[in-house]
Amino acid sequence: MSKTDRRIGKTQEAIKAAVIDLMSEKNFDDITIRDISDRANVSRGTIYLHYLDKYDLLDKLVESHINELREICIMGADLDYFSGSPLWTEYFERNYSFFSLMLASKGAPYFRTRFLDFLIEQFKQEVDVTTGKNQGLKDEVIVRFVASAFVGVVEWWFINDKPIPHHVLAEQLGLLFERNL
């Protein structure tokens, strides 16, 4: 990879980190491109080189995390829920600032909906209502139940400033998934 590519990546990371920092201080609607450029130590023009506006920046930031979660699903595809859950909770731990802002505050209500939609999409592939404990249930009901429960537990974890370690959260979620899917 060339130096230019690394610099672009570093600039984009600085811009994303700046907007996350600023969202911890004030409402997203009150943040300006000038605020972001000052915090990231880049020009306003540099931001506009990469993003249409602050909403495009936020959208791309959300989308990058959703894509990372999608990759985690692919990596854990051959694992059972108990073994795969730590992949998720470790990612949440590493990206605590982002997820705590998106789920534990009013910073970006759009993220919760986007996160829930992503989980519904993922769980649709996992639900079997033809045999076993979920036989006879509507697949849409069980998928929404599990996805909504997952979002609720993760929100609780962030709102309460990680009241249990991420590995305990993973263990609990894994057991709950095993019981319900």
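This is a predicted model, so every value here is computed, not measured.

Description of the overall build of the protein
Piece 1. Across its full length, the protein carries 9 helices and 0 strands.
Piece 2. Listed N to C, the secondary structure of the protein is α-α-α-α-α-α-α-α-α in terms of helices and strands.
Piece 3. For the protein, the C-alpha atoms occupy an extent of roughly 60 × 35 × 30 Å along the three principal directions.
Piece 4. For the protein, buried positions account for 39% of its 181 residues.
Piece 5. Sequence-distant contacts in the protein: of pairs separated by 6 or more residues, those separated by 24 or more amount to 62%.

Regarding the side chain of D56
Piece 1. By secondary structure assignment, the location of D56 is in helix α4 (residues 54-75).
Piece 2. D56 has contacts with H50 and Y51, leaving out every residue within four places of it along the chain.

Quick word on the packing of aromatic side chains
Piece 1. Taken as a whole, this structure holds 21 aromatic pairs when the rule is applied.
Piece 2. For the ring pair W88 and F118, a centre distance of 6.1 Å and an interplane angle of 35° mean the geometry is tilted. In this pair, W88 sits in helix α5 (residues 81-94) while F118 sits in helix α7 (residues 109-124), placing the two residues 30 residues apart along the sequence. Neither W88 nor F118 differs from the other in exposure class; each is buried.
Piece 3. With centroids separated by 5.4 Å and ring planes inclined at 40°, the aromatic side chains of Y96 and F158 adopt a geometry described as tilted. With a gap of 62 residues between them, Y96 in helix α6 (residues 96-104) and F158 in helix α8 (residues 139-159) connect regions that are remote in the sequence.
Piece 4. Under the relative-accessibility criterion, F158 is labelled buried at 2%.
Piece 5. It is K54 that lies over the ring of F28; its NZ or CZ is 5.0 Å from the centre.
Piece 6. For K162, the ring lying beneath its charged end belongs to Y96, and the centroid distance is 4.4 Å.

Let's talk about the environment of Y81
Piece 1. Tracing the backbone through its elements, the reader meets Y81 in helix α5.
Piece 2. Aside from chain neighbours lying at most four places away, what touches Y81 is E126, G174, F177, E178 and L181.
Piece 3. Among the polar contacts listed, one links the side chain of Y81 to the side chain of E126, at a separation of 3.0 Å.

Cut-offs used in this document
Residues numbered from 1 in each chain as written. Predicted model: local features only at pLDDT ≥ 70, side-chain atom pairs only at ≥ 80, totals over all residues. Heavy atoms only, no water. Helix = DSSP H or I, 4+ residues; strand = E, 2+ residues; numbered from the N terminus. Buried < 20%, exposed > 50% of the residue type's maximum accessible area, 1.4 Å probe, protein only. Contact = heavy atoms within 4.5 Å. Phe/Tyr/Trp six-rings, centres within 6.5 Å; stacked < 30°, edge-to-face > 60°. Lys NZ or Arg CZ within 6 Å of the ring centre and 35° of its normal. Polar contact = N/O pair within 3.5 Å; in protein donor to acceptor, adjacent residues only side chain to side chain.

Nothing here speaks to function; it is geometry throughout.
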